[in-house]
Amino acid sequence: MSSDLDVFVGNTTLIDEEVYRLWLDGHSVAEAVARRLRGGVLEREGTSVAVLQSDTRDHYRTFQMLERLLHAPPRLLQQLLFQIPPERQALLVQRYYAFDEALARELLGKKLSKGTKKELDEVSARTGVGIRSCRRQFDNFKRVFKAVEELRGPLAENIQQLFLLPPPLARDYAAIVFFANSRFETGKRRLQFLSFADFAACAQSMMGHWSQGALAPEAAEPDGDLPKSFLQDLKELKVLVTDKDLLDQHKSLVCSALRGKISIYNELEANFKALSRALVNVGGKLTHARDVRDFFVDLVEKVIEPCRSDKWSPGDLRLFLTHYTAAPRNLPGFRHQALWERYMAAITACLLRMYHD
């Protein structure tokens, strides 16, 4: 009796995407096997439980060996031990650094320290993200932060270059680094309606208009910091609310432009000065670390909540901010138009992103 046997030998490292996802989610080998069984893998592949267990363990060993390379993705491209096609390498990196937005929202603005890491058990319970996955994601946040905190240039571009992440994911990591640098308060109850995506959009706008890279691309300071000189200059804008003539003229220009165009005109006219003081003073206080931390709290408490109380629509707010920002061009005594427009560009983007239920 004889039989034919075909043998094929190769060195390409096989990556099972389902098993990789289970490993990233922090499941043990036994848990991964159980989940694969529930998914009907035996019926699809026509194999046995023993083979499935062996296959899962083998994939887990491969992922554990790859993990040290994933900590510095360019090394994954340069190494020769694992023969992985480029598109698979990109998938491994992207999924390794992908994160749960619920977890990122919990950690946003906190110091990426051992103390925060000790709180991950509670964070895991609140978010439903497995504790092993929480730890991996936290370590990714910290690793990226440490790698770019002293680098000059746009944060997102630095992250994309060092970790080979797709642009949207690199921008999200840039937002995490930006918040960790400035330590903005995000945990207060009145801020809970804001998602990670809301804060990330605000961070991108602030970096785009206020960062050192936006103000002076040739400067050597890291791009994740708010330049002290710029924050100090914002005090000059207080003249718009401390000079009674300028305040009255500003109000007249804005109200004239909006009369008949917004449904809350009477509320705007009655509350213009209080609203203007709130908008200007948020920037004027940013020279103090405590006030930087309270930036989003102040925007919600002093601008968003009063506008909601007066039943402003998002369209009303957008139209008001457009004319409010442009009006000082026609104020003869105001000499800080460029600074004002740069300041209001980020404030406007933040408010319009945050103005929802």
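The structure displayed is predicted, hence computed values, not measured ones.

Novice: Quick rundown of the environment of glycine 109? Include the residues and the values.
Specialist: Secondary-structure assignment places glycine 109 in the loop between helix 7 (101–107) and helix 8 (114–118). For the pair glycine 109 and phenylalanine 184, spaced 75 residues apart in the sequence, the C-alpha separation amounts to 5.1 Å. In this view, glycine 109 contacts Phe179, Arg183, Phe184 and Arg293; residues no more than four positions away in its chain are not counted.

Novice: Tell me what's going on with the packing of helix 12 (residues 167–182) against helix 13 (residues 196–210), and back it up with residues and numbers.
Specialist: In the contact formed by helix 12 and helix 13, the axes pass within 9 Å of each other and the chain directions differ by 80°. It follows from the interaxial angle that helix 12 and helix 13 lie roughly perpendicular. Where helix 12 abuts helix 13, its residues Arg171, Asp172, Ala174, Ala175, Ile176, Phe178 and Phe179 lie against Phe196, Phe199, Ala200, Ala203, Gln204, Met206 and Met207.

Novice: Which residues make up the domain arrangement of the protein chain, and what values go with them?
Specialist: The extent of an interface is frequently quoted as the accessible surface area lost upon association of the parts. Each assigned domain of the protein chain is listed with its residue range as follows: domain 1 (17–83), domain 2 (101–219) and domain 3 (228–354). Spacing between the C-alpha centres of domain 1 and domain 3 amounts to 54 Å.

Novice: Quick rundown of the layout of surface pockets? Include the residues and the values.
Specialist: Of the volumes computed, that of the largest pocket is approximately 290 Å³. Lining the largest pocket are 14 residues, and of these Leu226, Lys228, Leu231, Leu286 and Val292 lie nearest its centre. Contributions of two or more residues to the lining of the largest pocket are made by helix 12, helix 15 (228–233) and helix 19 (289–293). Looking at the lining of the largest pocket residue by residue, the classes come out as 5 nonpolar, 6 polar and 3 charged.

Novice: Can you explain helix 9 (residues 120–127)? Please cite residues and give values.
Specialist: Among all positions of helix 9, only Leu120, Val123 and Ser124 are buried. Down the axis, helix 9 shows its buried residues gathered within 100° of arc, on one side only. Facing away from the buried side of helix 9 by more than 90 degrees, the exposed set consists of Glu122 and Ala125. Considering only its buried residues, helix 9 is in contact with helix 7, helix 8 and helix 10 (131–148).

Novice: Let's hear about helix 4 (residues 49–70): which residues, and what values?
Specialist: Taking 1.5 Å per residue, 22 residues should reach 32 Å; helix 4 reaches 30 Å between its end C-alpha atoms and fits that length. Looking at helix 4, one finds that the buried residues are Leu52, Thr56, His59, Tyr60, Thr62, Phe63, Leu66, Leu69 and Leu70. If you follow the buried residues of helix 4, they end up packed against helix 1 (17–24), helix 2 (29–38), helix 3 (41–45), helix 5 (73–78) and helix 6 (86–97).

Novice: Go over the side chain of histidine 59, please, and point to the residues and values.
Specialist: In this fold, histidine 59 is placed in helix 4. On the accessibility criterion, histidine 59 (8% relative accessible area) is buried. The contact partners of histidine 59, leaving out residues within four places of it in the chain, are Leu14, Ile15, Asp16 and Val19.

Novice: Explain empty space enclosed by the protein to me, using residue names and the numbers behind them.
Specialist: Applying the stated rule across the entire model yields 1 cavity of 30 Å³ or more. Taken as a whole, the largest cavity holds about 60 Å³ of empty space. As for the largest cavity, its lining consists of Ala104, Leu107, Leu108, Gly109, Lys110, Leu112, Phe141, Ile176 and Ala180. When contributions to the lining of the largest cavity are tallied by element, the ones reaching two or more residues are helix 7 and helix 12. In terms of residue class, the lining of the largest cavity is made up of 7 nonpolar, 1 polar and 1 charged.

Novice: Provide a residue-level description of the nonpolar core, including the pertinent values.
Specialist: In terms of nonpolar packing, the biggest core is built from 110 residues, with Ile159, Trp210, Phe295, Phe296 and Phe320 touching the most fellow members. It is helix 12 that provides the largest number of residues to this core, a total of 10 residues. When neighbours within four sequence positions are excluded, phenylalanine 296 is seen to be in contact with Phe179, Phe184, Glu185, Leu191, Phe199, Cys202, Met206 and Met354.

Novice: Hey, could you go over the packing of helix 13 against helix 22 (residues 337–354) for me, with residue numbers and the actual values?
Specialist: Helix 22 packs onto helix 13 with a crossing angle of 170° between their chain directions and a minimal axis gap of 9 Å. Put simply, helix 13 runs roughly antiparallel to helix 22. Here helix 13 contributes Ala197, Asp198, Ala201, Cys202, Ser205, Met206, His209 and Trp210 to the contact with helix 22, which in turn contributes Arg342, Tyr343, Ala345, Ala346, Ile347, Ala349, Cys350, Arg353 and Met354. Broken down by class, the residue content of the contact of helix 13 with helix 22 amounts to 12 nonpolar, 2 polar and 3 charged.

Parameters at a glance
Residues numbered from 1 in each chain as written. Predicted model: local features only at pLDDT ≥ 70, side-chain atom pairs only at ≥ 80, totals over all residues. Heavy atoms only, no water. Helix = DSSP H or I, 4+ residues; strand = E, 2+ residues; numbered from the N terminus. Contact = heavy atoms within 4.5 Å. Axes fitted to C-alpha atoms, helices over the stretch in contact; angles between N-to-C directions. Parallel < 35°, antiparallel > 145°, perpendicular 65-115°, else oblique. Domains from an automatic or database assignment. 1 Å grid on protein atoms, 1.4 Å probe; cavity = no way out; pocket = protein on both sides within 12 Å on 5 of 7 lines; lining within 4 Å. Points joined across faces, edges and corners; volume = space filled by probe spheres on them. Nonpolar A, V, L, I, M, F, W, Y, C, P; charged D, E, K, R; others polar. Buried < 20%, exposed > 50% of the residue type's maximum accessible area, 1.4 Å probe, protein only. Arc of directions from axis to C-beta. Expected span 1.5 Å × (residues − 1). Core = buried A, V, L, I, M, F, W, Y, C linked by side-chain atoms within 4.5 Å.

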